[in-house]
Amino acid sequence: MATYSLANERLRALEDIEREIGAILQNAGSEREEPTGTAILELSKEKTNERLLDRQAAAFTASVQHVEAELSAQIRYLTQVATGQPHEGSSYSSRKDCQMALKRVDYARLKISDVARTCEQMLEN
């Protein structure tokens, strides 16, 4: 059950990132207090308010950096999953180790049966 909640949490985080990207694109860096004053609208004016543009640019940059940090964290997690490194909520590494152990046991059985067959042949001759 913990695996499902972790997976749901990861999906929710990705959905939040997606919503934030949409808000960034829609508002083009506008501050939350001034939803109607987008940077593009301010730039289209003859006389621009430079302080407002600076605040909007800073807010836009902060939002983009936050999205970048969140996406980087998600990519690091996916990289761990894909390379088989141990991480929370996954049994892939353990399952892979178990499969490899079973293959080694099968190989050992094969070699032991070969040795037994050779011994029997030597005893018969």
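Residues numbered from 1 in each chain as written. Predicted model: local features only at pLDDT ≥ 70, side-chain atom pairs only at ≥ 80, totals over all residues. Heavy atoms only, no water.

Looking at an unreviewed UniProt entry, one finds the chain named Mediator of RNA polymerase II transcription subunit 11, with Mesocricetus auratus as its source organism. What UniProt records for the chain under Subcellular location (unreviewed entry) is the sentence "Nucleus". (UniProt positions renumbered as here; feature names shortened; annotations may be inferred.)

Turning our eyes to something else, we now look at the pattern of salt bridges. Opposite charge on two side chains allows them to pair when their charged atoms are near. On inspection of all chains with the given rule, the structure shows three salt bridges. Two residues, arginine 19 and aspartate 16, come together in a salt bridge whose shortest N-O distance is 2.4 Å. In this pair, arginine 19 and aspartate 16 both sit in helix H1 (residues 2–27), three residues apart, roughly one turn of the helix. Between aspartate 114 and arginine 117 there is a salt bridge; the shortest N-O distance is 3.2 Å. Taken together, the residues aspartate 114 and arginine 117, both in helix H4 (residues 92–124) and three residues apart, mark about one turn of the helix. (Salt bridge = Lys/Arg side-chain N within 4 Å of Asp/Glu carboxyl O. Helix = DSSP H or I, 4+ residues; strand = E, 2+ residues; numbered from the N terminus.)

The topology assignment puts glutamine 74 in helix H3 (residues 50–83). Residue glutamine 74 is classed as buried on the basis of its relative accessible area of 8%. (Buried < 20%, exposed > 50% of the residue type's maximum accessible area, 1.4 Å probe, protein only.)

Attention now moves to the environment of isoleucine 21. Topologically, isoleucine 21 is positioned in helix H1. For the pair isoleucine 21 and serine 63, spaced 42 residues apart in the sequence, the C-alpha separation amounts to 8.4 Å.

Per-residue pLDDT for the chain averages 79, and the proportion of residues at 70 or more is 80%. Ranking the elements of the chain by mean pLDDT puts helix H2 (residues 39–44) last with 70 and H4 first with 89. (pLDDT = per-residue confidence, 0-100.)

A grouping of Leu11, Leu14, Ile21, Leu25, Leu71 and Ile75 is seen on the molecular surface, where their side chains present a nonpolar patch of about 540 Å² in accessible area. Elements with a minimum of two residues in the nonpolar patch: H1 and H3. No other element matches the four residues that H1 contributes to the nonpolar patch. Tracing the sequence through the fold places leucine 25 in helix H1. The exposure class of leucine 25 is exposed, given its relative accessible area of 65%. (Patch = residues over 30% accessible without salt bridge, like charges linked within 9 Å, V, L, I, M, F, W, Y side chains within 5 Å. Areas by Shrake-Rupley, 256 points an atom, 1.4 Å probe, with all protein chains shown as cover.)

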